[in-house]
Amino acid sequence: MEFVLRRLAMFKFLRTKLTLLYAALFGVTLILISVAVFSAISSAAQHQVRGELTASGTVFDRVWSLRSEQLRQGASLLSRDFGFREAVATRDHATIVSAMENLRARLRIDLAFIVGVDGQVTAADTSRLSLRADDLVAAMYESDSPSGIFVLDGTPYQMIAVPVMSPDLIGWVVFAARLDQTEMTALERLAAIPLDASVAHHTKDGWVTSEAISKADLADLGAFIDKATAAKSTAPRTLQTSAGKAIALVKPLPVLTGGETADLVLSYPLARAFGPYRPLLAIIAGSSLLGLLLVIYGSWTLAKSVTRPISALDEGARRLQRGEDAHVAVDSHDEIGRLAESFNIMATEIRERERRITHLAHHDAETGLPNRLSLEKGLDILRQPGDDGLFIAVLGVDRFAHVRGAIGYAPAAQVIREVGERLASLQPRGLVARLSTDVLALAFEAAGESAAEALMLHLLGDLEQPLHIGGDAIDVALTVGLAPVRPGDPPGAAIERANIGFDQARGSRRKIAFFDAEAYGDPSSNLALMSGMLWAIRSGHIELYHQPKFDLRSRTVNAVEGLVRWRHPTRGLLRPDLFIPMAEETGHIRTLTDWVLRQAIEDQAKLAKQGHMVEMSVNISGRLLGDRDFADLVDRLAPTAVGKLCFEITETAVIENPDIAFEVLDRFREAGVSISIDDFGTGLSSLAYLKQIRGQELKIDRSLIKDVTESQRDALIVRSTIDLAHSLGLKVTAEGVEKADAFQLLAAMGCDAIQGYLIAKPQPLNELLIFLRDDHETKRSFG
């Protein structure tokens, strides 16, 4: 069974497996039944044949006895006739032959003759008999009542001899009947079954039979007779012939002369024995074949009816896998029907979960507005090939963090939701989505960039109307970044560009700004630049230049500012404003500042060794003012400097985390490092922070110095700044001085130091050494 199941596993369909299994089981059953029926029929047929053969043998014995008695009576009657005995005694050949032929014809026997005691044979045809006269005389002398088989001219005869007494023995009357095939046919008619009968006798050349058979069958028959004779068995046995198996009975016959053997062989072919059963076997075979076909058809029909709902479930599962409707029709109440109902329930629940998951995947959970993924998919549907009139607007709520802090998270989310719904109502053909906490997006169509910007300005008028949240009116201000959807670009690219445009708008304090690719630069290139900066520090491509500060009181250069320069092997000299901001954003500013500080201390030592004691200024990023590890580094390096160190910081550097920044600045001062407030007059300068930063220097930004000689307002601001700084105990350095009249004016205003191209550009250390050695007289001429 396991073998059958393994074989069935190779079929793909269950109905095929079931059909073959049922057909195989029924076929095996039919085979067993057929074998049993055939065995029973064969056994019954053989048993019947054996019985008939045994009965036929008995009949033959009876026939043999009757025939012998008939011959004996005829011979006795003749031997007792007086005239006949006289004729025999006188050797009256004519009378003897006449009497013998008369009696032979009357008794219908084949041979009738007289054998004299001297072996002379008297008969109508003595030529055939004289050849075996001696054998006959010997046999008659050996027996009182000689009878048995006598072979003459190759033909067996049933022969009987009766002595003729006158009064002494004068001869024997011999009668013989031929046992040829005609006689055997007569015997066959006496049997109940159409058996074959023959008399076989053994000669010097082997066995000879009265039946015409092939030499091979004769050899087999001889071996069969010898075997039966040796076993002394008279029971019917199986005989193998060229025509097939047969049941044969060997019955030894008495012989007249010694040295001869004769047997009666009764045989019946099994094929003939099965003849009566062939219709029955044909009926059984036909019924079996019909039954097998019915079983196959029934099994196939049953398996199909059983597997149809299973196939429907299988197809439903595949449709469910593809995300299609997977409802399966239920038309039964059995196990499969209940399974189908469970499958339908499961498919419904899965579809519902998928719907919820899809909704969550495409909508913002907090506001219910579509999210970025939904916007990207909508753009794929909305845009057409070659269509360049599609735009993305990114709208950010200004000061949203402050609004949320004031009204709470839930009302703030409601603000975003209502702005989004208002935007959708104002632009019903557009796609609205929430990109982040305070940023919405709108995909819309416009005739061009000017039309897109005009449309957004128009929409802002309505969008910025006060919202009513919880009974309170809340003002909303929006900033918009715009970008066109370029053909071929993925939808996310346009959204990213609009986002950058939004940042650029906020950075430039504009309400609306299109994405400016030139201002944005190449982020991938800048990222690669940052990856190479560490290598540039190690390989010497980043250098430290120094720009002198001219002290107006001593008329000498007593300080320099260290400035980083990157000489890129392929891109040439890179501007500091290109890589310094990126270094701050990527965190590389710490590594760069560490190197600058170490290099500044090293260069200061080299200058001192050449006799130039100068204060070395280094720019410190605002990020490092919150880095206590950097303060530890300053604690270790500052004592190694041969001169004064000064850290230039901006006021805005302390805004992000003022507590930590002031703590770090205190540690700088404790390490002996002066603090210079850089770029004063730009950015988010605050007098409050100016008061808290206890520095030693204030550097006025070049934006105020540039027009100080032409603008009375600038001159007044610079003068006031100088006075304010002096009042706070700060030394004042003017940056970006490029003209002599500005130099003189600043000197007149009481400025303490000048820095700019008028004095010197930033230069490498070796050039600074030459400048410091040769340039004192030139500097005095500015005054």
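Residues numbered from 1 in each chain as written. Predicted model: local features only at pLDDT ≥ 70, side-chain atom pairs only at ≥ 80, totals over all residues. Heavy atoms only, no water.

- For the protein chain, an unreviewed UniProt entry supplies the name EAL domain-containing protein and the organism Phenylobacterium glaciei.

### Brief notes about the overall build of the protein chain
No. 1: Regarding its fold elements, the protein chain presents 28 helices and 26 strands.
No. 2: For the protein chain, the spread of C-alpha atoms along the three principal axes comes to 205 × 70 × 45 Å.
No. 3: When the 783 residues of the protein chain are sorted by exposure, 44% land in the buried category.
No. 4: Look at the contacts in the protein chain between residues 6 or more apart in sequence, and 63% of them connect residues 24 or more apart.
No. 5: Accessible surface, the protein chain: about 40,200 Å² in total, of which carbon and sulfur atoms supply 55%. (Helix = DSSP H or I, 4+ residues; strand = E, 2+ residues; numbered from the N terminus. Buried < 20%, exposed > 50% of the residue type's maximum accessible area, 1.4 Å probe, protein only. Contact = heavy atoms within 4.5 Å. Areas by Shrake-Rupley, 256 points an atom, 1.4 Å probe, with all protein chains shown as cover.)

### Quick word on a nonpolar patch on the surface
No. 1: A grouping of Leu 14, Tyr 22, Leu 25, Leu 302, Val 306 and Ile 310 is seen on the molecular surface, where their side chains present a nonpolar patch of about 460 Å² in accessible area.
No. 2: At the level of secondary structure, the elements contributing two or more residues to the nonpolar patch comprise helix H2 (14-79) and helix H10 (278-321).
No. 3: Within the secondary structure, Leu 302 sits in helix H10.
No. 4: Using a relative accessible area of 44% as the deciding quantity, one classes Leu 302 as partly exposed. (Patch = residues over 30% accessible without salt bridge, like charges linked within 9 Å, V, L, I, M, F, W, Y side chains within 5 Å. Salt bridge = Lys/Arg side-chain N within 4 Å of Asp/Glu carboxyl O.)

### A short note on unusual backbone geometry
No. 1: Phi angles above zero are rare outside glycine, and Arg 509 is one such case at about 55°.
No. 2: Of note, Arg 509 is situated in the loop between helix H16 (491-507) and strand E17 (512-514).
No. 3: Take Arg 509: its relative accessible area is 74%, and that puts it in the exposed class.
No. 4: One non-glycine residue, Asp 679, lies in the positive phi region at around 55°.

### Details of the pairing of strand E19 (residues 556-568)
No. 1: Most of E19 sits inside the fold, with 10 of its 13 residues counted as buried.
No. 2: Sheet topology places strand E18 (residues 542-551) next to E19; 10 bridges connect them, and they run antiparallel. Along E19, the bridge assignment pairs Ile 542 with Trp 566.
No. 3: Two successive antiparallel strands, E18 and E19, enclose a turn made up of 4 residues, where Arg 555 displays a positive phi of approximately 55°.
No. 4: As judged from the 4 bridges shared by E19 and strand E21 (residues 615-619), these two strands associate in the parallel manner. Considered in E21, the bridge of Val 560 is made with Met 616. (Pairing = 2+ DSSP bridges.)

### A few points about the environment of Met 159
No. 1: Along the chain, Met 159 turns up in strand E4 (residues 155-165).
No. 2: Owing to a relative accessible area of 2%, Met 159 belongs among the buried residues under this scheme.
No. 3: Along the chain, Met 159 and Ser 676 lie 517 residues apart, while their C-alpha atoms are 163 Å from each other.

### Considering the sheet that holds strand E11 (residues 390-397)
No. 1: Spatially, E12-E13-E11-E16-E17 is the arrangement adopted by the 5 strands of the open sheet, whose pairing is mixed. On the outer flanks of this sheet lie strand E12 (431-436) and E17, each paired with one strand and no other. Recorded for the sheet is a direction-independent mean angle of 25° between the axes of neighbouring strands.
No. 2: Bridging between strand E16 (residues 478-484) and E17 involves 3 bridges; their strand directions are parallel. Residue pairing across strands places Gly 481 opposite Ala 513, the latter belonging to E17.
No. 3: The strands touched by helix H12 (residues 372-382) are E11, E12 and strand E13 (439-445); relative to E12, the strand with the most contacts, the crossing angle is about 145°.
No. 4: Packed on one face of the sheet, H16 meets E11, E12, E13, E16 and E17 and runs near 140° to E16. (Axes fitted to C-alpha atoms, helices over the stretch in contact; angles between N-to-C directions.)

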